[in-house]
Amino acid sequence: MSSTRSVDSLTQTHVEKAARAIKSGRHVPDDEWREKGSGLSLAFNATSASYMFRDRARTIKLGALRLVEDDPQDPTLITLTIAKHLAREVRAALKAGRDAKIYVRTYREQLILGGTSASDAHVFATHASAQGNSASVGEMSWTWRECVDAFLKRKLQKLKEGRNQQQYARYLRHAAFTPIAGRRVAELRFLDLFRIQQALTPGGGPDEDGRPNSTTFRCMSEAVAMLDWAKTTKPVESGLAYVAEPWWRQIKVDYSAKKRLRAPGPDELARTLAIVEHERRRNDDPLVVMPGVLAALRVGIATGQRVGALIQLERANIKTHPDEEGWWIAHWTADQMKTPLDHAIPIPPTAYAVMREAWDEIDRRRALRGLARSKWAFPSHRGDGHVAPNAISQLFDRLRGKPARTSYKAAREREGKPGPKPSPSRGRARPNLFRLSGIDDWTMHDGRRSITNELVNAGLGRAASAILAHTTEIRLPLSEETLHETMARTTSKHYFTAQQIHLKTEGMKLWSETLTAALQRERVSPKRDH
């Protein structure tokens, strides 16, 4: 005769008693041991027992009682611990309007068959019950790669096109993330990202200063930002909706950027230009410097503009200076600048002459190939684009004695007549010309400080800020029209006021005179020991 027995709490003792009764055949079919208040019960049938959830409205089977000898990989057999968890979550699912049966089935499959942790199985099951289907893990949430793609699609819309977007994207698409690229975001844990952090640091540990490098810092910072975004704005798609604690915020990178204070003097800048000119004219293995790169170097030093914006200058945006004979005005749109405003600077005659020489040479080469002249002020010697953003950095590497980078790749070993063998390097190994010439190592960005120091010492600090387009400079925004169109639309006086052309011209005159005098001295008696 069947009966229902209430217990304060089902315990392992009850489970063991039930197992003994089933094995001996002494159990009573249709008997039920019901736990007070939770809805969980253990109901017997003819051959075994099952955990059930019962309330006034419905009855849901949670799973069969697992005995010691049963298959541990059978998802229909569950332990008391799993049964208690399922009873709690079934009640919560019914209250929230989710499909409780799907939660039970998905949780058991993911925990027992999928081998996931209890917390991950809960995330997947909750998601599935909310969606009304028991989709597989792969169909329910993003992989790391999919999360990166979604995050970058949103993030890159806020960045300027071109190099800014490429530089930002490269951190989250770094090769160090390859081991987790195909894994579900909801499956990842602290140790997974920590291992990525270790892999990002050269040698698997801190750099020579005992600290992680900047790439480690940027990659991990962007990863944390992406996971924050995914949890707050895409919790269902990412599978992070039910992750209680944002474990990724435990990732800490002990890094602080080293502030550069290097500011080469005019003599060092001029000596660098003189070295490049000298090395290009050598009869024995001259230094190969393309016209567009040489012009960008010369104009970059003369004007202090950021290389990324400088090389995007178009010839159509260079117009004659109405008040200074032989001078020109170069104009960049806001999209080309690091700042959100348009920018214009006076170009001295000496710098413009170098640009014209580059144009003449490259346009002549293009004409021989039946091509129109390049639109860029600093054209590349190949293709229709401008010089590469890293062209000057690579030139400086050559001056430091580093070998030129090549794109050659060794051909595979194969039978038959071998093809031409690429040269392992371009030209002889050079010494460190910076060191031999008494020049402290510097970068193009350091040259911007040189202009600032020179003009501030002369009482023209505001001119330096205006020339270098510092963010503290207050100017009226211009349209995205070319300089010619802008000048035609507005009066010359308005344009000059908005861009502080007179102030910039005063500063540029002083800097140009200083740099030209230094370059003349270096050309006459260069300080070179090689």
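Rules and cut-offs
Residues numbered from 1 in each chain as written. Predicted model: local features only at pLDDT ≥ 70, side-chain atom pairs only at ≥ 80, totals over all residues. Heavy atoms only, no water. Pairing = 2+ DSSP bridges. Helix = DSSP H or I, 4+ residues; strand = E, 2+ residues; numbered from the N terminus. Contact = heavy atoms within 4.5 Å. Axes fitted to C-alpha atoms, helices over the stretch in contact; angles between N-to-C directions. Expected span 1.5 Å × (residues − 1). Buried < 20%, exposed > 50% of the residue type's maximum accessible area, 1.4 Å probe, protein only. Arc of directions from axis to C-beta. Parallel < 35°, antiparallel > 145°, perpendicular 65-115°, else oblique. Left-handed = near helix turned anticlockwise from the far one by under 90°. Nonpolar A, V, L, I, M, F, W, Y, C, P; charged D, E, K, R; others polar.

**Examining the sheet that holds strand S5 (residues 59-65)**
As summarised here, the arrangement of the 6 strands in space is S1-S2-S3-S4-S5-S6, forming an open sheet in which the pairing is mixed. The two strands at the open ends of the sheet, each matched to only one other strand, are strand S1 (4-7) and strand S6 (77-78). In this structure, strand S2 (residues 32-35) lies alongside strand S3 (residues 40-44), joined through 3 bridges in antiparallel fashion. Across the sheet, Arg34 pairs through a bridge with Ser41, a residue of S3. Those strands touched by helix H3 (residues 100-113) are S5 and S6, and its axis lies near 20° from that of S5.

**A few points about the sheet that holds strand S7 (residues 318-320)**
Strand order in the open sheet formed by 3 strands is S7-S8-S9, and the pairing between neighbours is antiparallel. This sheet does not close on itself; its edge strands, each paired only once, are S7 and strand S9 (343-347). The mean inter-strand angle of the sheet, taken between neighbouring strand axes irrespective of direction, is 25°. Bridge count for S7 against strand S8 (residues 328-332) is 3 bridges, and the pairing is antiparallel. Opposite Lys319, over in S8, you have Ile329 as the bridge partner. Helix H21 (residues 501-524) contacts S8 and S9 of the sheet and is inclined by roughly 40° relative to S9.

**A look at helix H6 (residues 144-155)**
Between its terminal C-alpha atoms H6 stretches 16 Å, which fits the 16 Å expected from 12 residues at 1.5 Å a residue. Those residues of H6 lying buried are Trp144, Cys147, Val148, Phe151 and Leu152. Along the long axis of H6, the arc covered by the buried residues comes to 125°, so they all point the same way.

**Section: the packing of helix H12 (residues 291-303) against helix H14 (residues 349-368)**
Two elements in contact, H12 and H14, have axes whose closest approach is 9 Å; the angle formed by their N-to-C orientations is 170°. When the axes of H12 and H14 are compared, the pair comes out roughly antiparallel. Seen from above, H12 lies across H14 with left-handed handedness. Along the contact surface, H12 presents Pro291, Gly292, Leu294, Ala295, Arg298, Val299 and Ala302, while H14 presents Thr350, Ala351, Val354, Met355, Ala358, Glu361 and Ile362. Of the residues that constitute the contact of H12 with H14, the class distribution is 10 nonpolar, 2 polar and 2 charged.

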